[in-house]
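Reading the structure
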Amino acid sequence: MSIGGSIFKAVLHLLRTSSRMAHAIDQDCLRHIDLYPELYSGRDWRELDRVYTYLKRTLNANQYWRYGYSRIRVVSQEVFERLSQWTRIEGKTYCELGCGIYHPYGICTTMYLNGAKMALAWDLNAAPEQRAAEALHDQLSNCSVSPKDWNWADISDAEWNRRIQSFNITALASGELAAGVHGLPVRHVIADITEPPEGIVGTIDLLSSKLVLEHFMNMEVAAREMFNLMSSGGIAYHHIDLRDHRAYPGQNPDSSPYTYWTFLTEKSYFEKTSKFGGRSNRLRAHEYRRAFENVGFRVLEWDVQRGSLPQDLRPNLLETFSSMADSELAITDIYCVLCKP
Ligand SMILES: C[S@@+](CC[C@H](N)C(=O)[O-])C[C@H]1O[C@@H](n2cnc3c(N)ncnc32)[C@H](O)[C@@H]1O
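This write-up is about the structure you can find in this document. What you are looking at is a predicted structure, and each value in this text was computed from that prediction instead of being measured.

This brings us to the overall build of the protein. Secondary structure assignment for the protein yields 15 helices and seven strands. Scored against the burial criterion, the 341 residues of the protein give a buried share of 29%. Across the protein, the fraction of contacts at a sequence separation of at least 24, relative to all contacts at a separation of at least 6, is 75%.

Following this line, the structure appears as structure tokens:
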């Protein structure tokens, strides 16, 4: 590569470390394809296939790829196993809170295939419908071809296939999301947790969230809302990420100035970050637990994962965090199961 090419690549790499710039670059790439279709449409199919195969292979190997079914399968299995320790999925109403904007129907569809009576995918933000439809199509194809990888509830082959075939697979393949799920008991709710659509409060038997609760700026209110949404006896599973999101591997080069705890030392953290840049509430594990118990949840499981605190952290901690023990500060993840009595 020429010197100019290397410099361009380095600048691009640097810009991509900011989530806002990365988004702008992605949008620009897509615009490029739209503006110059002849660059792609005039090509020999062999050439395009090389690009396609390379991209497919690269994406499949990327654990952060949100449109792919591999991550959906891993997360769905985690949710299924955690909830199944305490209750049955069959015949229940399930909701994934904070399903994200890429493949919103992924996890709720898996729960529906595994016997849920009704499954909701809930998020504040809408999804790009065409891409979400295609992602669901790919997932259902894999569920059909490899049922052993997905059918954890031991649903009969006939019922498994009936459920898959109740989706309009042809519509999904052509990017028509609404037509693809028409008439099915799977629903995409686009609303703030504090503004539940009519008829949902008190009906959710099973709730789960992944990497979501750390983004709720008022956890007391959110815990109350989750409690109200659930039916009596309902079970919830949450994976909460307590790390400074700017320190994720892969999002920053090795020279990242951030650690998982940097935000506990920054007075201006909230001014410096945006809600689109992974801003989180900085609550620590005992504060989540208190918020859940205060509204009436019973804690059935409380597993935590810890990291190694940086040596120079303690003298730099903000006052709010300096009274907390190392064992508390070191917690990077919570995996909890709650019950609404
Ligand atoms: C980090 S993403 C995680 C998405 C997905 N669970 C995943 O693992 O890829 C957090 C999601 O929570 C949603 N969210 C944040 N606040 C919310 C609120 N008040 N009500 C509903 N959804 C919310 C965001 O829109 C976002 O899609």
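Further notes follow.
Glancing now at the packing of helix 6 (residues 106-113) against helix 7 (residues 129-145). Running from N to C, helix 6 and helix 7 point in directions that differ by 30 degrees, and their axes come no closer than 10 Å. On the basis of the axis angle, helix 6 is roughly parallel to helix 7. As helix 6 packs across helix 7, the resulting crossing turns out to be right-handed. Contacts from Gly 106, Thr 109 and Leu 113 of helix 6 reach helix 7 at Ala 135, Leu 136, Gln 139 and Cys 143. For the contact of helix 6 with helix 7, the per-class residue count stands at four nonpolar, three polar and no charged.

This next bit is on the sheet that holds strand 4 (residues 204-210). Across the sheet, which stays open at both edges, the seven strands sit in the order 3-2-1-4-5-7-6 with mixed pairing between neighbours. Across the chains shown, the open sheet's two edge strands, defined by having one partner strand only, are strand 3 (186-190) and strand 6 (298-306). Neighbour-to-neighbour, the strand axes of this sheet turn through a mean angle of 15 degrees, independent of strand direction. Seen against the sheet, helix 6 touches strand 1 (93-97), strand 2 (118-123) and strand 3 and runs at an angle of roughly 170 degrees to strand 2.

As a further point, take the nonpolar core. Ranked by internal contacts, the top residues of the largest apolar core, which has 62 residues, are Cys 108, Met 111, Ala 119 and Leu 207. Looking at this core element by element, the count peaks at six residues for helix 7. Sequence-distant contacts of Leu 207, that is, excluding residues within four places in its chain, are made with Cys 95, Leu 97, Met 226, Leu 229, Met 230, Gly 234 and Ala 236. With five residues, the next largest nonpolar core counts Tyr 260, Trp 261, Phe 263 and Leu 264 among its residues.

So, on to unusual backbone geometry. At Asp 154, a position not held by glycine, the phi torsion is positive, near 60 degrees. Note that Asp 154 resides in the loop between helix 7 and helix 8 (157-165). Overall, Asp 154 belongs to the exposed group, with 9 C-beta atoms counted inside 10 Å. Positive phi outside glycine occurs at Leu 211, with the angle close to 60 degrees.

Turning next to the packing of helix 5 (residues 69-84) against helix 6. At a minimum axis distance of 9 Å, the contact between helix 5 and helix 6 shows a crossing angle of 55 degrees. Regarding the angle of helix 5 to helix 6, the classification is oblique. Crossing hand, helix 5 versus helix 6: right-handed. From helix 5, Ile 72, Val 75, Ser 76 and Val 79 reach across to helix 6, where they touch Gly 106, Ile 107, Thr 110 and Met 111. For the contact of helix 5 with helix 6, the class distribution of residues is five nonpolar, three polar and no charged.

We now examine the pairing of strand 2. Of all six residues that make up strand 2, five are buried, and the element is covered over most of its length. Pairing of strand 1 with strand 2 involves five bridges; the strand directions are parallel. Bridging from a neighbouring strand, Thr 93 pairs with Met 118 of strand 2. Each parallel crossover has a hand, and for strand 1 linked through helix 6 to strand 2 it is right-handed. With five bridges connecting them, strand 2 and strand 3 associate as parallel partners. Residue pairing for strand 3: Asp 123 is matched across the bridge by Ile 190.

Cut-offs applied
- Residues numbered from 1 in each chain as written.
- Predicted model: local features only at pLDDT ≥ 70, side-chain atom pairs only at ≥ 80, totals over all residues.
- Helix = DSSP H or I, 4+ residues; strand = E, 2+ residues; numbered from the N terminus.
- Buried ≥ 20, exposed ≤ 12 C-beta atoms within 10 Å, placed from the backbone.
- Contact = placed C-beta atoms within 7 Å.
- Axes fitted to C-alpha atoms, helices over the stretch in contact; angles between N-to-C directions.
- Parallel < 35°, antiparallel > 145°, perpendicular 65-115°, else oblique.
- Left-handed = near helix turned anticlockwise from the far one by under 90°.
- Nonpolar A, V, L, I, M, F, W, Y, C, P; charged D, E, K, R; others polar.
- Pairing = 2+ DSSP bridges.
- Core = buried A, V, L, I, M, F, W, Y, C linked by C-beta atoms within 7 Å.
- Right-handed = clockwise from strand over helix to strand, strands pointing away.

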